[in-house]
Amino acid sequence: MSSAKQILLNPALRAAIHLHSSKLNPQVAKSAAACLSSAPSGGKHLLPDLPYDYAALQPVISAETMELHHSKHHNAYVTNLNIALQKIDDALSAGDVSSLISLQSALKFNGGGHLNHSLFWENLRPADERKDAAFPSEGVLKEAVEQRFGTFDDMKKEVSALCVGVQGSGWGWVGYHAGTGRIEVAACPNQDPLQATTGLVPLLGIDVWEHAYYVDYRNVRPNYVNAIWDVINWETVEKRLVKAKSG
């Protein structure tokens, strides 16, 4: 473990271990310590590099939109997540329950924004790979979709309607329900992370915040949602499903 991460985690671990001498509620301390321990090596979350160029998804998503979305919006979530985690670390050290509670919304919003966007970029496939990007004609993903929706077109119709119907800002998701062994759909407001708020393991997410499409589609969200299916990386979606089913 690096020294930077050690510095970040020690107060959290001390608070979680020595609850008998702390003012912290055990569940609050446990939750906050878990958030801190999720930080990568070095103790700071970083903006991930994209696996393709900003122009790679044109004409579905322009280079301008991708650059703004990734380098500005996603980067802001990462920056503010690290700030929130440091404040949580400080509050844990001080046994400040009030501050810990007040920081939960910042953690949920910025942590969710970082997690959601990291998944989103992997969901997309460059235009020059699109000839190989058709929905699979066989395999575990096709079987799961047919079990839940009937056909791929039925899934596309239901998920699209869900995304278009999100009020304000949010996400439309396809996720795996470990309890039933089936895939399900869900809409999450703002940057609420799917698994943390619904229990579904994320397989496919569609960002319907206006910053994801306004440059290219203005306020016509249905056109954006209809177009984004052309750049979905089904190989990634299927790999996530296989991993989720394996536990």
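Keep in mind that this is a model prediction, so the values were computed, not measured. (Residues numbered from 1 in each chain as written. Predicted model: local features only at pLDDT ≥ 70, side-chain atom pairs only at ≥ 80, totals over all residues. Heavy atoms only, no water.)

**Student:** What is the right way to read the overall build of the chain from this model?
**Tutor:** From N to C terminus, the chain includes eleven helices and three strands. The order of helices and strands in the chain, counted from the N terminus, is α-α-α-α-α-α-α-β-β-α-β-α-α-α. Classification of the 247 residues of the chain by burial places 45% in the buried group. Excluding contacts between residues fewer than 6 apart, the proportion of contacts in the chain whose partners are at least 24 apart in sequence is 71%. About 12,100 Å² of surface is accessible on the chain, with carbon and sulfur atoms providing 52% of the total. (Helix = DSSP H or I, 4+ residues; strand = E, 2+ residues; numbered from the N terminus. Buried < 20%, exposed > 50% of the residue type's maximum accessible area, 1.4 Å probe, protein only. Contact = heavy atoms within 4.5 Å. Areas by Shrake-Rupley, 256 points an atom, 1.4 Å probe, with all protein chains shown as cover.)

**Student:** Which parts of the structure should I look at to understand the packing of aromatic side chains?
**Tutor:** For any pair of aromatic rings, the description rests on two quantities: the centre-to-centre distance and the angle between the ring planes. Going through the model one piece at a time under the given rule, you end up with twelve aromatic pairs. Here the aromatic rings of F152 and W229 are separated by 6.3 Å at their centres, their planes lie at 85 degrees, and the arrangement is edge-to-face. Here F152, found in helix α7 (residues 152–164), pairs with W229, found in the loop between α10 (221–228) and α11 (234–245); they are 77 residues apart in sequence, far enough to count as distant. We classify W229 as buried; its relative accessible area is 6%. Taking the centre distance of 5.6 Å and the plane angle of 85 degrees together, the rings of F152 and W234 count as edge-to-face. Of the two residues, F152 is situated in helix α7 and W234 in helix α11; the sequence distance between them amounts to 82 residues. The class of F152 is partly exposed, set by a relative accessible area of 23%. Taken together, the ring pairs in this structure connect F120, W121, W171 and W173 into an aromatic cluster. Positioned above the aromatic ring of F149 is the side chain of R148, whose terminal nitrogen or guanidinium carbon lies 4.5 Å from the ring centre. (Phe/Tyr/Trp six-rings, centres within 6.5 Å; stacked < 30°, edge-to-face > 60°. Lys NZ or Arg CZ within 6 Å of the ring centre and 35° of its normal.)

**Student:** I would appreciate a short explanation of the side chain of S62 in the present structure.
**Tutor:** Within the element layout of this structure, S62 appears in the loop between α2 (26–37) and α3 (63–94). For S62, a relative accessible area of 14% corresponds to the buried category. A polar atom in the side chain of S62 sits 3.1 Å from the backbone nitrogen of T65. When residues no more than four places from it in sequence are discounted, the contact partners of S62 are Y54, V215 and D216. (Polar contact = N/O pair within 3.5 Å; in protein donor to acceptor, adjacent residues only side chain to side chain.)

**Student:** Looking at this structure, how should I read the nonpolar core?
**Tutor:** Looking at soluble globular proteins, one finds that nonpolar side chains tend to be buried together. Of all hydrophobic cores here, the largest spans 50 residues; its most connected members are L124, I183, Y224, W229 and W234. Beyond its immediate stretch of four places on either side in the chain, Y224 contacts F120, I206, D207, V208, A212, Y213 and Y217. One finds L81, A91, L103 and L107 within the second-largest nonpolar core, a separate group that totals eight residues. (Core = buried A, V, L, I, M, F, W, Y, C linked by side-chain atoms within 4.5 Å.)

**Student:** I keep staring at the packing of α7 against α10 and nothing clicks. Help me out?
**Tutor:** What describes two packed helices is the angle between their axes and the distance between those same axes. Direction vectors running N to C along α7 and α10 enclose 145 degrees, while the axes themselves pass 10 Å from each other. Like other packed secondary-structure pairs, α7 and α10 cross with a definite hand, here right-handed. Across from K156, S160, C163 and V164 in α7, the residues of α10 making contact are R221, P222, V225 and N226. Residue composition of the contact of α7 with α10, grouped by class: four nonpolar, two polar and two charged. (Axes fitted to C-alpha atoms, helices over the stretch in contact; angles between N-to-C directions. Left-handed = near helix turned anticlockwise from the far one by under 90°. Nonpolar A, V, L, I, M, F, W, Y, C, P; charged D, E, K, R; others polar.)

**Student:** Help me out: how do you make sense of the sheet that holds strand β2 (residues 182–189) in this one?
**Tutor:** Ordered in space as β2-β1-β3, the three strands form an open sheet in which the pairing is antiparallel. Lying at the two open borders of the sheet, with one neighbouring strand each, are β2 and β3 (201–207). Shown here is a sheet whose adjacent strand axes are inclined to one another by a mean of 20 degrees, direction ignored. Relative to β3, strand β1 (residues 170–177) runs antiparallel, the two sharing six bridges. Looking across to β3, one finds that W173 is bridged to G205. Set on the sheet, α11 makes contact with β1, β2 and β3; between it and β3 the angle comes to about 150 degrees. (Pairing = 2+ DSSP bridges.)

**Student:** Explain the pattern of salt bridges here, please?
**Tutor:** One side chain can pair with another of opposite charge once the charged atoms of both are near each other. In total, this model carries eight salt bridges according to the counting rule given. E146 serves as the salt-bridge partner of K142, at 2.4 Å between the closest nitrogen and oxygen. Taken together, the positions of K142 and E146, both in helix α6 (residues 140–148) and four residues apart, correspond to about one turn of that helix. Where salt bridges share partners, they join R148, E158, R182 and E184 into one cluster. (Salt bridge = Lys/Arg side-chain N within 4 Å of Asp/Glu carboxyl O.)

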